[in-house]
Every structure is written in C-alpha cells, then in structure tokens.
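Tertiary structure, described
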Amino acid sequence: MTLATTPVALSLISDDRPLIDVRAPVEFAQGALPGAVNLPLMNDEERHQVGIAYKQQGQATAISLGERLVSGDIKQARISAWEAYLAEHPDALIYCFRGGLRSQIAQQWLEEAGISRPRLEGGWKAMRQALCARIEKAALQPMLVIAGLTGCAKTALINQLDNGVDLEAYAHHKGSAFGRRPEEPATQINFEHTLAKRLLCLFDGLVIEDESRQIGHANIPLTFWRAMQHAPRVRIEMPLDWRLDQIQQDYIIDLEQAYVARYGACQGWESMQKQLSNALIRLGKRLGNARLQRLQRLQTLAFKEHAQGNPQAHEAWLAPLLTEYYDPLYRYHLEKQRDSAPPEIHVGDWESCLAAARQWNR
C-alpha cells in the first residue's frame, strides 16, 4: 500500500494547518512545528529502548521491539488519540522527525482503522530547514530598530505596527534580568519557528526592538542579528516619571496578574516576589554589594506596601535601579558605539517615534 505524502510548504504553517507530531514527548519539548499537537507513537521510555536496540542490533530488531512495546491496549490508546484529534481536525497532517518510519506506522494504523491522512514529506527536519531559510531571507529585508532607555515602551510601539516583529513575545521573555515570565522560556527551536512564522506574512520592511542577541534562553539567529546591528534606528526619549509608570505596569502589575492567573493568588504572589528578588541578586556583581543591599531593603519594604494595596511603592527601588544602573549602562553603550553606530532617523517622544516608524515603511 502506498501511503500519501504532502510536500513541505511554508503555506502549511502560515495557514495554521493542523499537525500531529508523533515524535516522543522529549523531542516535542525541544521544539515542534508551530501549531502542532504531540500525540506520540512511542513515549520517551519506549523510544529510548528502541533506540538502544537500533544501535546495538540494527533496524529489524528495533522495529520488532517497538511492535512489542506498543501493542494491545497501548496501541489502541495511541490510535484512539489520533482518531479523536482527527475527528475535530480532519485536514491534519502527520509528521515525525524525517517523515519516515514513525509517521508511516501511524498512517498505516489509521488506514487499518478506516482513516486516510497524509504525512509531511521530509517531516520535522525538512520543515525546520524551510523555516530557518525564511529567517535567513528576512535578514536581507529592510529593517528599522526601535531603541531607547529601559521603560520607553518599545515593545508596545512595536505591537502598534502591522510590520512589527516582537522578539520578546517569541522568546517568552522581556529581555532584561527582570524579564522572566510565569510560562517557560521558549526553547531555541521554538523561538526560531515562531519568528519564522511571523515573517511569513511580512515581505517589506521589518520594525524590531533593539535587543541583546540573547533573549531569555533563546539567541537571535546570527545573520538576522547582524542585520539588526546595521539597521537605522528610531530612538524614544521619555522622562523618568513616564518610564517608571511603564515599568510599574510591565514588571509589577502585569507580572503579578500573570503569576496569579497561572498559580492562584497565594502561590502567584510568592512566585512573583521570588522572581523580582532573584533578578536583583543576579545583578549583584554589577551593582556592587552596597548598592545591592540598599536596593534589596527598598524592595522588601515595597513588597510589604504592595501587600497592603500599594504597588506604587516599588518606585522606591525601581527609580534608583534605572538612574544608577540601566540608564548609565545604556548611555555607555551609545557612547562606545558612537563612531560605528547605524544612523538614527528620528529621536523624539513615544508618539513621534510611532509616527516615524509608520512613515518609514511607506
């Protein structure tokens, strides 16, 4: 019996085609295709045993072991999971690592159950290559980088634009020592895949926030990163009080809400405090011991005030953190790069920078 295949096409990703990933959970966790659901042929332990058999005794022995491990009720449970998903997503495609044996077995078992679905030709690997190639191609597109001091709402500006590329959202991280979110940071593979998916609908100029190459656990692909470094810039300049309001919203109020939504009121509040405390500690070497201890005391007092309904109390430690650490560090880098820095096409307040970014892409 010839089992149907579908060639790799980026339109499958941009069109949000449902995908069934039959790889083991450990593989899926390292990185999947956008929109895929993990309904594995083998669990992690079964895959491990089959892998050992393959290395030591060859493919035939490995296949025989797999058939014994995934049989009877276990096999039926796997088939039932695929059937249930396909009942809701009848146009779904099946894939494994290379579009080979595992996805073919899944197809065969579904055929025997009266359901015909194609597998992705070349599997995960082929589609990943296509997604990474899209990022490489995007590095050749015009880029505009949005720069500015911490708290200038650069991300908010990016998200006002139809051609904005929010790298922090794809990384599940806000970039700084205080940028961790309740959800797990994106893996490198998932970061790249999500970035590539966003780029699939953007063929002209891209507007991107000024970022370090590493965001959370992910690194911006090198070619794309180098293009960002040479791109013209728009730099936001806003007063300290305005920036403190943004920081309060992003790193205190929104962060608390996110943790509470994920873990409940009590655990969420404790987790949020732990994250902010640990973030300050991570800056200890750069801040110096005396400054760290002063900020820690102010932070502890702010948490007490916050618990009494006054989240604005965090300004007592956020303000010196900005003026004594982040702002001087940013200005130092600006000065260091003055002779080799890309051109700034506009410097102004948030609204004027938004207008400049919109005008740039016309």
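Scroll up for the structure.
It should be emphasised that the depicted structure is a prediction, and the values quoted were computed from it without experimental measurement. (Residues numbered from 1 in each chain as written. Predicted model: local features only at pLDDT ≥ 70, side-chain atom pairs only at ≥ 80, totals over all residues. Heavy atoms only, no water.)

1. Quick word on the packing of aromatic side chains
What counts, and what does not: Two aromatic rings, drawn from Phe, Tyr or Trp (for Trp, its six-membered ring), form a pair once their centres lie within 6.5 Å of each other, and the interplanar angle then sorts them: stacked below 30 degrees, edge-to-face above 60, tilted otherwise. Going along the chain from the N terminus, every DSSP run of H or I of four or more residues is numbered as a helix, and every run of E of two or more is numbered as a strand. Think of it in three bands: with a 1.4 Å probe and only protein chains considered, a residue is buried below 20% of the maximum accessible area for its type, exposed above 50%, and partly exposed in between.
Counting across every chain of the model gives five aromatic pairs. Pairing W269 with F303 gives two aromatic rings, centres 6.2 Å apart and planes at 90°, and the pair type is edge-to-face. Here W269 is found in helix α13 (residues 265–282), whereas its partner F303 is found in helix α15 (residues 289–307), with 34 residues between them in sequence. As far as the burial class goes, W269 and F303 line up, both buried.

2. Describing the nonpolar core
How we decide: In this description, a nonpolar core means a group of buried Ala, Val, Leu, Ile, Met, Phe, Trp, Tyr and Cys residues linked to one another through side-chain atoms lying within 4.5 Å.
Residues V165, L167, L206 and F224 are the most contacted members of the largest nonpolar core, which totals 39 residues. Elements supplying a minimum of two residues to this core: α1 (11–14), β4 (93–95), α7 (123–138), β6 (143–148), α9 (167–171), α10 (188–199), β8 (206–209) and α11 (222–230). With 26 residues, the next largest nonpolar core counts F178, I252, L318 and Y326 among its residues.

3. What to know about helix α4 (residues 59–69)
Spelled out, the test is: Summarising the geometry, the arc corresponds to the directions from the helix axis toward the C-beta atoms. By definition in these notes, contact holds between two residues if any of their heavy atoms fall within 4.5 Å.
Every buried residue belonging to α4 is among A62, L65 and G66, and all of these are buried. Projected onto a plane normal to the axis of α4, the buried residues spread over an arc of 100° and lie on a single side. Of the exposed residues in α4, the ones pointing more than 90 degrees away from its buried face are A60, E67 and R68. Looking at the buried residues of α4, the elements they touch are α3 (44–57).

4. Describing the layout of surface pockets
Let me state the cut-off plainly: Within this scheme a cavity is a closed region of a 1 Å grid, computed over the protein atoms alone, that accommodates a 1.4 Å probe without allowing it to escape, whereas a pocket is open but has protein on both sides within 12 Å along at least five of seven lines; lining residues each have an atom within 4 Å of a point. Grid points are joined across faces, edges and corners, and a volume is the space filled by probe spheres set on the points. Classes in brief: Ala, Val, Leu, Ile, Met, Phe, Trp, Tyr, Cys and Pro nonpolar; Asp, Glu, Lys and Arg charged; the others, Gly included, polar.
When its volume is computed, the second largest pocket comes out at roughly 910 Å³. Forming the boundary of the second largest pocket are 32 residues, of which L41, M42, V50, L101 and R102 lie nearest the centre. Elements with a contribution of two residues or more to the lining of the second largest pocket: α2 (25–30), α3, α4 and α6 (101–112). Counting residues per element, the lining of the second largest pocket draws most heavily on α6, which supplies seven residues. The residue makeup of the lining of the second largest pocket, split by class, is 15 nonpolar, nine polar and eight charged.

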